[in-house]
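Survey of secondary and tertiary structure
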Amino acid sequence: MTAAALTSPDAAPTFASLPIADSPELLDVLPAQGALSWVRRGEGLIGWGEAARLEVSGPDALAEATDWWAAFTSDAVVDDRLGVPGSGPVLFASIAFDPVAGTSVFVVPEVLVGRRDGVGWVTTTGGADPRRALPVSRRAATDDAAPQLCYADGALDPVSWRAAVAAAVRRIRDSDLAKVVLARDLLATSDVPLDHRRLLRRLAARFPDCWTFAVDGLLGATPELLLRRTGRELSARVLAGTAPRGAGADDERLAAALLGSAKDRAEHALAVDSLVRALQPYCTTLTAPARPELLTLANVRHLASDLRGTQRRSGPRSRAGLLDLIGAAHPTAAVGGTPTDEAVALIGQLEGMDRGRYAGPVGWLDARGDGEFGLALRCAEVSADDPCTARLFAGCGIVAGSEPAAELAETQAKFAAFQAALEA
């Protein structure tokens, strides 16, 4: 059963994209609420307002979204002076971890500001003049005192979550299940409405190598690129295997231990293999490195592998769009487990919560079919009903050698990424 709710203009939508001489700091011009963002190292896309919106769930959710976007853009009147990925009509997307049961959200902004390779542009809808759409920098408003916060356990308290990890390890040892990713949530309450712009700016400052994202109240900084499509060129960054940071020589010791960890290398290989298997039927070439590298962030390190491929130019799979590829790839072993169906079923039994859009694909898609999607990790969902509350998420890959106390500590290190943005 599929449920869809959408808003679209009655007349043919119009879009105008013009270059701008003095490109602003993207996150500085966002509004305090309702932000749309996909930014890394100062480049990417941000937007606000809603020219159109689609909410969809059910077994054909991504196919419905693909058809809706194709129909929307085929009717559009577009004046695009740049012709680069992200100019012209753009759709921001936040897809449910389980697109069948959860609700995925797609938003076309009224105003979009982009920057690529140092070149900036503004895109507007409905005939608005792009040269007048860019507001004065709102940065000063984000430098107020930090809010007062209190935290509460989410679906499972730490003791119960450790018990869930122990149950997962037993299942792995007693069955053909190789890995399952278990997540937990943490509830945060502020004394004032949470400022989306402030949170995004602090996430970007602390994690410049991550993609700072925001769609419909889900905000975060993800280090994992699920899939980028530019023409027929595909790329992805797979992460699995995590270690905390340390001080001085201890930091180097932890890094070396992560690279040498058989448990973490095995977990990483499962994540790479699952994405390769999903994408290979769509590609003429697809390469993955023989061994992972270290990705160093402010609070943790990950094992990382960058994949590159070229989509087929003939045959049925040559016609697959980015959302089709996302549907084929998600969930990877990095957020679900291996084998996928058994792992996702165990998640439902042990986690005790609805993930919603956490760990689902998040990113953007343009009318040419180019776009970028990451996985919604290191994130929080600000309540639509109460802007003073947010639900934080963190997860870990559980394998046969996992220790519940160590996995709990890993979730706490991952929570710290968003907590630092809340508390700064």
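To keep things clear, this report deals only with the structure shown in the data block.

Examining the environment of valine 335
Examined against the element boundaries, valine 335 turns out to sit in the loop between helix H6 (322-329) and strand S20 (337-338). With relative accessibility at 3%, the residue valine 335 sits in the buried group. A sequence separation of 60 residues divides valine 335 from glycine 395, and the C-alpha atoms of the two residues are 8.0 Å apart. Beyond its immediate chain neighbours, meaning those up to four positions away, valine 335 contacts Phe97, Val181, His330, Ile347, Arg355, Ala359, Leu375 and Leu377.

Quick notes on the packing of helix H2 (residues 158-174) against helix H8 (residues 404-423)
At their nearest, the axes of H2 and H8 sit 9 Å apart, and the two run at 125° to each other. In this view, H2 runs oblique relative to H8, as classed from their interaxial angle. In the packing of H2 onto H8, the handedness of the crossing is right-handed. Of H8, the residues touching H2 (which contributes Pro158, Trp161, Arg162, Val165 and Ala166) are Pro404, Ala405, Glu407, Leu408 and Thr411. When its residues are assigned to classes, the contact of H2 with H8 shows 7 nonpolar, 1 polar and 2 charged.

Focus on H2
The first and last C-alpha atoms of H2 sit 24 Å apart over 17 residues, in line with the 24 Å expected at 1.5 Å per residue. The set of residues buried in H2 consists of Trp161, Ala164, Val165, Ala168, Val169 and Ile172. Looking straight down H2, one finds its buried side chains confined to an arc of 140°; they lie on one side. Among the exposed residues of H2, those oriented more than 90 degrees off its buried face are Val159, Arg173 and Asp174. Where H2 is buried, its residues meet strand S12 (179-190), helix H7 (340-350), strand S24 (389-398) and H8. For H2, the N-terminal capping position is held by aspartate 157, with its side-chain oxygen 3.0 Å away from the main-chain nitrogen of valine 159.

Definitions and cut-offs
- Residues numbered from 1 in each chain as written.
- Predicted model: local features only at pLDDT ≥ 70, side-chain atom pairs only at ≥ 80, totals over all residues.
- Heavy atoms only, no water.
- Helix = DSSP H or I, 4+ residues; strand = E, 2+ residues; numbered from the N terminus.
- Buried < 20%, exposed > 50% of the residue type's maximum accessible area, 1.4 Å probe, protein only.
- Contact = heavy atoms within 4.5 Å.
- Axes fitted to C-alpha atoms, helices over the stretch in contact; angles between N-to-C directions.
- Parallel < 35°, antiparallel > 145°, perpendicular 65-115°, else oblique.
- Left-handed = near helix turned anticlockwise from the far one by under 90°.
- Nonpolar A, V, L, I, M, F, W, Y, C, P; charged D, E, K, R; others polar.
- Expected span 1.5 Å × (residues − 1).
- Arc of directions from axis to C-beta.
- Polar contact = N/O pair within 3.5 Å; in protein donor to acceptor, adjacent residues only side chain to side chain.

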